[in-house]
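Examination of the molecular architecture
Below, each chain spelled out in residue letters.
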Amino acid sequence: MADALLGVHDLACRRGDRLLFTGLDFALGAGEALIVEGPNGAGKTSLMKMVAGLLRPFAGRVERPVPMAFLAHELALDLDLPLARALGLWARLDGAGPAAVERALAEVALAPLAEVPVMLLSGGQRRRAGHARVIAG
């Protein structure tokens, strides 16, 4: 675990009265990946939220020596707002400002669409907007 960027130790997840998984251990270093698969309701999203620090484990611990972000499949942007403004709301919550939003939009090649309402973006543009939200924060 010395070079690991993520360590999961004896992790367990309980949702309500149901134990979804227990005894999960793994470590990931730079450039490594982990495939997480299972049926609906097995705890895949719960695991990701625990790894990101958004959900407390029932047991065990998660070590993240570097900051991490979580990009879920939901966009989490206000569809009625122009893209830059929608991103700006999240950036402020994360302690960043307008410059971070401009940089993020440029990085994902969406700067020309900054004033376009999120609802008018294509599926691919929305996905890149999600990445911009993470980058800006």
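Everything below is about the structure printed above this text.
Residues numbered from 1 in each chain as written. Predicted model: local features only at pLDDT ≥ 70, side-chain atom pairs only at ≥ 80, totals over all residues. Heavy atoms only, no water.

Some thoughts on the pattern of salt bridges
- Following the criterion strictly, the structure yields two salt bridges and no others.
- Between Glu63 and Arg61 there is a salt bridge, with its nearest N and O atoms 3.0 Å apart.
- Look at Arg61 and you get partly exposed, because its relative accessible area is 45%.
- Residue Glu107 is joined to Arg103 by a salt bridge in which the shortest nitrogen-to-oxygen separation is 3.9 Å. (Salt bridge = Lys/Arg side-chain N within 4 Å of Asp/Glu carboxyl O. Buried < 20%, exposed > 50% of the residue type's maximum accessible area, 1.4 Å probe, protein only.)

Considering the packing of aromatic side chains
- In this structure the tally under the stated criterion is zero aromatic pairs.
- Its guanidinium or amino end placed over the ring of Trp90, Arg133 lies 5.0 Å from that ring's centre, counting from NZ or CZ. (Phe/Tyr/Trp six-rings, centres within 6.5 Å; stacked < 30°, edge-to-face > 60°. Lys NZ or Arg CZ within 6 Å of the ring centre and 35° of its normal.)

Describing the side chain of Arg133
- Secondary-structure assignment places Arg133 in helix H4 (residues 123–136).
- When near neighbours in sequence (up to four residues on either side) are disregarded, Arg133 contacts Phe70, Leu71, Leu75, Ala76, Leu77, Leu87 and Trp90. (Helix = DSSP H or I, 4+ residues; strand = E, 2+ residues; numbered from the N terminus. Contact = heavy atoms within 4.5 Å.)

Examining the sheet that holds strand S1 (residues 6–15)
- Read across the sheet, three strands follow the order S2-S1-S3 without closing on themselves; strand pairing throughout is antiparallel. Bordering the open sheet on either side are strand S2 (18–28) and strand S3 (59–63), each of which pairs with just one other strand. Strand-to-strand twist across the sheet, computed as the mean angle between neighbouring axes with direction ignored, equals 25 degrees.
- Its contacts with the sheet put helix H1 (residues 44–52) on S1, S2 and S3, and the angle it makes with S1 is roughly 130 degrees. (Pairing = 2+ DSSP bridges. Axes fitted to C-alpha atoms, helices over the stretch in contact; angles between N-to-C directions.)

A word on the pairing of S1
- Most of S1 is tucked away: seven of the ten residues are buried.
- Summarising the sheet, S1 and S2 pair through seven bridges and their orientation is antiparallel. Opposite Arg15, over in S2, you have Arg18 as the bridge partner.
- The hairpin formed by S1 and S2 contains two residues between the paired strands, and Gly16 there has a positive phi angle of roughly 65 degrees.

Read these as spatial facts, not as claims about activity.
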